[in-house]
Amino acid sequence: MNTTTSSYQWKIVDKKVETPTVTSLYLEPISEKPNFIAGQYVTIQIPNIGPAEGKSYSISNAPHEAQLRISIKKMGNFSTAILNHQLGDTIFTSAPYGFFYPEPIDTNELVFVVGGIGIAPCLSIIKHLAHTNNPRPIKLFYSNKTTVEIAFKKELDTIAQDHPQLSLNYYLTQEETVNTDCITGRVTPEQIVSSLDNKAEAEIFICGAMDFTKSLWKGLHNAGLPQHQLYTEGFF
Amino acid sequence: MTKIPDINACHDNPSWLYSDIVKDHFFRPRNVLIDEENYQSDGVGIVGSPACGDMMVVWIQVNEDKTRIKDCKWRTFGCASAIASTSMMSVMATEDGGMLLKHAKRLSPEAIIERLDGLPAQKYHCSVLGHQALREAIEDFEAKPAT
């Protein structure tokens, strides 16, 4: 059963600025570390701030890592309140939850279509598959406005160096490309479809802001991909 | 004089207005289960909590070879959008001989919203509850020992 009552206490042991708007918190469990599936999120509750049920943030690292990493985009009172916490402070979360993850037994091509901080759960999955030496082919289409806003680029590039089955495609929507590994413009359904090894079997995970998710889902569906090959996690 | 918005054209209007299909499923929700005591389900999913404002329960029955959803019932403490979304989800899960469980696990809010001819952007999150509860119900079924 999914409830949002806080069940876990964490100590903030590190804070890392990823981009001008995204900061990662590294959390150490005060009691036990819950198991989670790469791609899941936790719901953070802060007394007297924001909705009583809290807000959900995807875990951006993999289950085998000792700490839990939550990567937060500063965009309102609630996220600001979380990021105002200092090293050593305690925060409260729900148990990890969510279904935005591939089935472990599947071997078909896996495609992530990501806008901005939507990278968090996808990175968790990519790191987990790389750690377990899963040979599943993976393509990432990752859209940001500008180069400085690409969170975790170094981490992704490093994984891809050691795992050739991971193909990275960076898109910049508001910057002329200055660096050869980024593409200028928006990622389109046509680009994604034309890259697929087998259109009838590929599994596509779309994650980002609601408009991004909705538009790419519709575009890919209109391009002939059935709904069961498209899965989404919209941030709202 | 202020122009009154055309409520029938709401699918073109990014506003709070609901489509005719949303209104139909809200006023005539399909597959609601009131008396679960007399319903033999194969899996149950519960998400949310009344304290958070929304709560959703989904019950499923699966077919004999355990690959498809045979029946999908639900009940919610939720808003008009949650009711319409879950009603549509229950229709999608059971039409054409029932959805494969594998496909039902990938039923997304976007697919439900498309069948509803849109939902106000502010109500997107209401469509999430139903598919999460459906997924929970499938997990519940799959966790049970095979009989």
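Asker: Kindly report on the overall build of chain A, identifying the contributing residues and their values.
Answerer: Scanning chain A from terminus to terminus reveals five helices and 12 strands. When the 236 residues of chain A are sorted by exposure, 41% land in the buried category. Expressed as a percentage of contacts within chain A between residues at least 6 apart in sequence, the contacts between residues at least 24 apart total 71%.

Asker: Lay out the overall build of chain B in plain terms, naming residues and giving numbers.
Answerer: Helix and strand counts for chain B come out as five helices and three strands. Of the regular secondary structure in chain B, the N- to C-terminal order runs α-β-β-β-α-α-α-α. Taking contacts inside chain B between residues at least 6 apart in sequence as the whole, the part at least 24 apart equals 63%.

Asker: Mind laying out helix 2 (residues 80-94) of chain B, listing which residues take part and the relevant values?
Answerer: Taking 1.5 Å per residue, 15 residues should reach 21 Å; helix 2 of chain B reaches 21 Å between its end C-alpha atoms and fits that length. By the criterion of burial, helix 2 of chain B is predominantly enclosed, with 13 of the 15 residues buried.

Asker: Residue-level account of the interface of chain A and chain B, with values.
Answerer: At the junction of the two partners, chain A supplies 18 residues and chain B supplies 16 residues. For the side of chain A that touches chain B, the secondary-structure elements that each account for two or more residues are helix 5 (210-222) and strand 12 (230-235) of chain A. In terms of residue class, the side of chain A that touches chain B is made up of eight nonpolar, eight polar and two charged.

Asker: Break down the pairing of strand 3 (residues 41-45) of chain A for me, with residues and values.
Answerer: All names here are of chain A. Burial runs high along strand 3: four of the five residues are buried. Summarising the sheet, strand 3 and strand 4 (residues 55-58) pair through four bridges and their orientation is antiparallel. If you follow isoleucine 44 over to strand 4, its bridge partner there is lysine 55.

Asker: Describe the sheet that holds strand 1 (residues 8-17) of chain A, and please don't skip the residues or the numbers.
Answerer: Residues and elements named next belong to chain A. Pairing within the open sheet is antiparallel, and its six strands lie in the order 4-3-6-1-2-5. Taken across any chain shown, the strands that pair with only one partner, and hence form the sheet edges, are strand 4 and strand 5 (68-73). The sheet shows a mean angle of 45° between the axes of neighbouring strands, direction not considered. Direction of pairing for strand 2 (residues 22-29) relative to strand 5: antiparallel, over a ladder of six bridges. Across the sheet, threonine 23 pairs through a bridge with isoleucine 72, a residue of strand 5.

Asker: Outline the domain arrangement of chain A, supporting the account with residue identities and numerical values.
Answerer: All names here are of chain A. Segmentation of chain A into domains returns domain 1 (8-93) and domain 2 (110-235). In this structure, domain 1 and domain 2 have C-alpha centres spaced 23 Å apart. Residue-level contacts link 17 residues of domain 1 with 13 residues of domain 2. Residues belonging to the side of domain 1 that touches domain 2 are distributed by class as follows: seven nonpolar, eight polar and two charged.

Asker: Requested: an account of helix 3 (residues 153-162) of chain A, with residues and values cited.
Answerer: Residues and elements named next belong to chain A. Of the residues making up helix 3, those classed as buried are Lys153, Leu156 and Ile159. Buried positions in helix 3, seen along its axis, are confined to an arc of 130° and lie on one side of it. Exposed side chains of helix 3 directed beyond 90 degrees from the buried face belong to Lys154, Thr158, Gln161 and Asp162. In this structure, the buried side of helix 3 is in contact with helix 2 (119-131) and strand 9 (166-172).

Asker: Describe the pairing of strand 7 (residues 110-115) of chain A, listing the residues and the values that go with them.
Answerer: All names here are of chain A. The buried count for strand 7 comes to six of six residues, which makes it a mostly enclosed element. A two-sided burial pattern is seen for strand 7, the buried positions comprising Leu110, Phe112 and Val114 on one face and Val111, Val113 and Gly115 on the other. Where strand 7 and strand 8 (residues 138-144) come together, six bridges link them in parallel fashion. Residue pairing in the sheet places leucine 110 in a bridge with isoleucine 138 of strand 8.

Asker: Describe the sheet that holds strand 11 (residues 203-209) of chain A, naming the residues involved and giving the relevant values.
Answerer: All names here are of chain A. Strand order in the open sheet formed by six strands is 10-9-8-7-11-12, and the pairing between neighbours is parallel. One side of each edge strand has no neighbouring strand; the edge strands of this open sheet are strand 10 (182-184) and strand 12. Between one strand axis and the next, the sheet turns through 15° on average, direction left out of account. Pairing geometry for strand 7 and strand 11, over five bridges, is parallel. Of the residues in strand 11, the one forming a bridge with valine 114 is cysteine 207. Helix-sheet contacts for helix 2 involve strand 7, strand 8, strand 9, strand 11 and strand 12, and the interaxial angle to strand 8 is about 155°.

Asker: Mind laying out the packing of helix 2 of chain B against helix 5 (residues 126-143) of chain B, listing which residues take part and the relevant values?
Answerer: Residues and elements named next belong to chain B. Put simply, helix 2 and helix 5 touch, their axes get as near as 7 Å, and they point 40° apart. Judged on the interaxial angle alone, helix 5 and helix 2 are oblique. Relative to helix 5, helix 2 is oriented so that their crossing is right-handed. Across from Ser81, Ala82, Ser85, Thr86, Met89 and Ala93 in helix 2, the residues of helix 5 making contact are Cys126, Ser127, Leu129, Gly130, His131 and Leu134.

Conventions used here
Residues numbered from 1 in each chain as written. Chains lettered and ligands numbered in written order. Predicted model: local features only at pLDDT ≥ 70, side-chain atom pairs only at ≥ 80, totals over all residues. Helix = DSSP H or I, 4+ residues; strand = E, 2+ residues; numbered from the N terminus. Buried ≥ 20, exposed ≤ 12 C-beta atoms within 10 Å, placed from the backbone. Contact = placed C-beta atoms within 7 Å. Expected span 1.5 Å × (residues − 1). Nonpolar A, V, L, I, M, F, W, Y, C, P; charged D, E, K, R; others polar. Pairing = 2+ DSSP bridges. Axes fitted to C-alpha atoms, helices over the stretch in contact; angles between N-to-C directions. Domains from an automatic or database assignment. Arc of directions from axis to C-beta. Parallel < 35°, antiparallel > 145°, perpendicular 65-115°, else oblique. Left-handed = near helix turned anticlockwise from the far one by under 90°.

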